[in-house]
Amino acid sequence: MGPPAPGHVLLQVQVAVAGVRIKEILCSFLDQSHYCAYNETKPLPFWLIRFFISSMNSASEQELSQIRHEPAEAMLSQAVSLSSHPSLPSLPSLGPRDLNVSPCHHQCVATLRDHSSYVSALALDGHSLYSASSDGRIRVWPLGDASGRQEQQRDDDDGCRATVVAACDSSVKCLLATGSNGLLLSSHQDGKIMAWRTGGRKDGTPRLVLRAVLPTCVDRLRTFLLPWSYVQVRRHRWRTWVHHVDAVTALAVSPDGALLYSASWDRSLKVWRLPGFRCVESIAPAHDDAINALAVSPDGHVYTGSADKKIKAWRRHPERRNKHVLVQTMERHRSAVNALALGADGKVLYSGACDRSVVVWERADGGAGSMEATGTLRGHSKAILCLAAGGDVVCSGSADRTVRVWRRGAENTGYTRLAVLEGHGAPVKSLTLVYGRDSGLFSGWGDPEEGSSGGGGGGGGHCTIVCSGALDGEVKIWSVLFPVLL
């Protein structure tokens, strides 16, 4: 048998290189955009490799050179933009389509740059802002002594420094500060959930003390010897039902603080009892595709958003308190649902997806019926990756590198766009906010000074502090001041 033809060798080389290249791009893209679950051990379909080869052959040498030298953040931004789909045409727009926005002041009051990789999660706990990144590190930024920090930052960008309080072996996907029992919870790419308590080092710097890793040893032992505890997670592989077998993307706590909910790319929704961290229920599969978002309302409803374009509502069984039943399936989005947030004291649900729209859901029949889609908030040019809501304010972060701030009118009279926060150099991946001045948090940051963006008077109003994390590793803190009556 003679040597292979040169053309055949070239095709083999192209297939091998293309397979590795596609897998690198897909893994990074899917990790950032929450689009769907992907396992690196699965072989790539041959049609996808052929498509990539044809794209490579059609590109010029100059374009290929630019691709080789393009920064990772830029490639990731382009990949995320590919997940954007046409906006919903069937729902009325609740936001302004023109420049008719509410007069308000908004400005970036601080930029935090200690992260060396992209910021994947943010959480506020008292006077501390926790941020997590894809390298597994969790940092804390002291925000209580914010007075005068803005002037310090103008002179030195490194004036506001963070402390690394924890380092994990796997990328952090979500952070949740429970508040009541002093726990900080983190979920990870490897399917684990970690529970932390705040502590201190000998030199006085803060740190996080690991309290538990979920599933706990007790859960693993009590299910290890029981044959009916095993479920098939993929072909020829079995795990006990207490394990997540893919990235845990979202966490939430029940209103009474007794239950912890976790959602994963493995399509399961798990329920853990606090404070013992025992897994009491696993709903699998809860969706037909990866679960990307999770929210729990004050009345006990649990909402899950998935890459299957659906949002599902769950509720505790009236007789079996440790069991949850499906009460509603909501379908409006045309692409993967990436984020969920509850506003107006849990009466309004916001969902953001790759179709570039935020769908507003409200309860019918005066709050006693099921959720109904009442409209959309439009304006983003690319996929929506994160949402945060508080009071009558909702914020949306997008792959178009902006954060939009909206306000719900009194008695549901519509929505007003308060601000478009621009300044990030990469897609905005995570958001958190503090609504109003009551807590006294961020004192010294709430009053926009001369030169801030926006219009209107600054006398007397509500101040919303928005914290946003992006794929360029930066965390920005914004102050949005708007009048009490619009």
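Bear in mind the structure is a predicted one, so any value in this text is a computation, not a measurement.

What counts, and at which threshold
- Residues numbered from 1 in each chain as written.
- Predicted model: local features only at pLDDT ≥ 70, side-chain atom pairs only at ≥ 80, totals over all residues.
- Heavy atoms only, no water.
- Helix = DSSP H or I, 4+ residues; strand = E, 2+ residues; numbered from the N terminus.
- Buried < 20%, exposed > 50% of the residue type's maximum accessible area, 1.4 Å probe, protein only.
- Contact = heavy atoms within 4.5 Å.
- Areas by Shrake-Rupley, 256 points an atom, 1.4 Å probe, with all protein chains shown as cover.
- Pairing = 2+ DSSP bridges.
- Disulfide = S-S within 2.5 Å.
- Phe/Tyr/Trp six-rings, centres within 6.5 Å; stacked < 30°, edge-to-face > 60°.
- Axes fitted to C-alpha atoms, helices over the stretch in contact; angles between N-to-C directions.
- Polar contact = N/O pair within 3.5 Å; in protein donor to acceptor, adjacent residues only side chain to side chain.

**Examining the overall build of the chain**
Logical step 1: Within the chain, the secondary structure is distributed over six helices and 31 strands.
Logical step 2: Residue burial in the chain is summarised as follows: out of 486 residues, 52% are buried.
Logical step 3: Intrachain contacts of the chain at a sequence separation of at least 6 include 56% that bridge at least 24 residues.
Logical step 4: Total accessible area on the chain stands at roughly 22,100 Å², and carbon and sulfur atoms take up 52% of it.

**Looking at the pairing of strand β1 (residues 105-112)**
On a regular strand, each side chain points to the face opposite its neighbour's, so the side chains alternate between the two faces of the sheet.
Logical step 1: Among the eight residues of β1, seven are classified as buried, and the element is accordingly described as predominantly covered.
Logical step 2: Examined bridge by bridge, β1 and strand β31 (residues 475-483) share seven bridges and lie antiparallel to one another. Paired with Thr-111 across the bridge in β31 is Lys-476.

**Examining unusual backbone geometry**
Logical step 1: Look at the link from Leu-274 to Pro-275: it is a cis peptide, with omega at 5°.
Logical step 2: Within the fold, Pro-275 resides in the loop between β14 (269-273) and β15 (278-283).
Logical step 3: A positive phi angle, near 75°, is found at Arg-401, a position not held by glycine.
Logical step 4: With respect to the secondary-structure elements, Arg-401 resides in the loop between β25 (393-398) and β26 (402-408).

**Things to note about the state of the cysteines**
Logical step 1: This structure, assessed with the given rule, holds zero disulfides.
Logical step 2: Of all cysteine sulfurs, the one in Cys-395 lies closest to Cys-386, which takes part in no disulfide; the gap is 9.4 Å.
Logical step 3: Taking relative accessible area as the criterion, Cys-386 reaches 5% and is therefore assigned buried.

**Considerations on the packing of aromatic side chains**
Logical step 1: Tallied over the full model, the rule gives one aromatic pair.
Logical step 2: Between Tyr-350 and Tyr-415, the ring centres sit 6.1 Å apart and the planes meet at 90°, which makes this aromatic pair edge-to-face. Here the residue Tyr-350 occupies a position in strand β21 (residues 348-353), and Tyr-415 occupies one in strand β27 (residues 415-422), the gap between them amounting to 65 residues. Here the two residues Tyr-350 and Tyr-415 agree in accessibility, since each one is buried.

**Some remarks on the sheet that holds strand β23 (residues 371-377)**
In sheet architecture, strand pairing relies on hydrogen bonds along the backbone and comes in two forms, parallel and antiparallel.
Logical step 1: In spatial order, the strands read β20-β21-β22-β23; together these four strands make up an open sheet with antiparallel pairing. The open sheet has two edge strands with one neighbour each: β20 (337-343) and β23. Shown here is a sheet whose adjacent strand axes are inclined to one another by a mean of 25°, direction ignored.
Logical step 2: One ladder, built from five bridges, connects β21 with strand β22 (residues 358-363); its direction is antiparallel. Across the sheet, residue Ser-351 finds its bridge partner in β22, namely Val-359.

**What to know about the environment of Pro-275**
Logical step 1: For Pro-275, a relative accessible area of 53% gives the class exposed.
Logical step 2: When the C-alpha atoms of Pro-275 and Ala-258 are compared, they prove to be 7.2 Å apart, with 17 residues separating the residues in sequence.

**Points about the side chain of Ser-398**
Logical step 1: Tracing the backbone shows Ser-398 in strand β25.
Logical step 2: Residue classification places Ser-398 among the buried residues on the basis of a relative accessible area of 0%.
Logical step 3: Side-chain polar atoms of Ser-398 contact the backbone oxygen of Ala-383, separated by 2.9 Å.
Logical step 4: Among all residues touching Ser-398, those that are not within four sequence positions of it are His-380, Lys-382, Ala-383, Ile-384, Leu-385, Pro-427 and Val-428.

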